[in-house]
Amino acid sequence: MAVLALMSACQTTSTSQATQNEALLAQSGFKTIPVTTPKQQQAVSKLPQGTVSAVKHQGKTYYVYPSAAQNKIYVGKQTHVNTAKKAVAAQQAQAAQNSMNPPPTMTFQGHGPHGVVAEEFDGFGPMGTASLGDW
């Protein structure tokens, strides 16, 4: 019984953490794109959960975060990633002062001082990046 309660608490924490991450990304300017086709679902399933991943599409770098339900992705550019990183740092600093709530956790992969190369993301184009315009 105790193990079941602990497992339930862990799932609730990870679900609330994912919801918190998604809200933070939306506030940082990330756009949501629905995942509707099997090809898109397969591509999204390869992305690491809880991580903003750099992907390339037609020579441009985008940053993608799969939703917890994997029915949509959050897509942003470098400016949105920078805003999200600042927001995560601010929330972590606030959480350190007020240890009542756990600090947010989110991993960012991408270009930077370590030269991470993004792979071409097959199936990303039909997901509607053109409809986002030049934001």
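Scope of this entry: the structure provided in the associated data block. (Residues numbered from 1 in each chain as written. Predicted model: local features only at pLDDT ≥ 70, side-chain atom pairs only at ≥ 80, totals over all residues. Heavy atoms only, no water.)

### Here's the deal with the overall build of the chain
Move 1: A tally of regular secondary structure across the chain gives three helices and five strands.
Move 2: Going residue by residue from the N terminus, the α and β elements of the chain occur as α-β-α-β-β-β-α-β.
Move 3: The burial tally for the chain puts 34% of its 135 residues in the buried class.
Move 4: Taking as baseline every contact in the chain between residues at least 6 positions apart, the subset at least 24 positions apart corresponds to 66%.
Move 5: About 8,200 Å² of surface is accessible on the chain, with carbon and sulfur atoms providing 56% of the total. (Helix = DSSP H or I, 4+ residues; strand = E, 2+ residues; numbered from the N terminus. Buried < 20%, exposed > 50% of the residue type's maximum accessible area, 1.4 Å probe, protein only. Contact = heavy atoms within 4.5 Å. Areas by Shrake-Rupley, 256 points an atom, 1.4 Å probe, with all protein chains shown as cover.)

### Points about helix 2 (residues 38-45)
Move 1: Where helix 2 is concerned, the buried positions are Gln40, Ala43 and Val44. Buried residues of helix 2, seen end-on, are gathered within an arc of 95° and therefore sit on one face of the element. (Arc of directions from axis to C-beta.)

### Things to note about the environment of Gln49
Move 1: Here Gln49 lies in the loop between helix 2 and strand 2 (51-57).
Move 2: Look at Gln49 and you get partly exposed, because its relative accessible area is 42%.
Move 3: It is 9.3 Å that separates the C-alpha atoms of Gln49 and Gln70, two residues lying 21 residues apart in sequence.
Move 4: Sequence-distant contacts of Gln49, defined by excluding residues within four places in its chain, comprise Pro66, Ser67, Ala68 and Gln70.

### A few points about the pairing of strand 4 (residues 72-76)
Move 1: With four of five residues buried, strand 4 is to be regarded as a mostly interior element.
Move 2: Across four bridges, the pairing between strand 1 (residues 31-34) and strand 4 is antiparallel. Bridge assignment links Thr32 to a residue of strand 4, and that residue is Tyr74.
Move 3: Of the pairings in the sheet, the one linking strand 3 (residues 60-66) to strand 4 comprises four bridges and is antiparallel in character. Residue pairing in the sheet places Val64 in a bridge with Val75 of strand 4.
Move 4: Here strand 3 folds back onto strand 4, and the loop between the two strands holds five residues, one of which, Gln70, carries a positive phi near 55°. (Pairing = 2+ DSSP bridges.)

Keep in mind that these numbers describe shape and distance, not what the molecule does.
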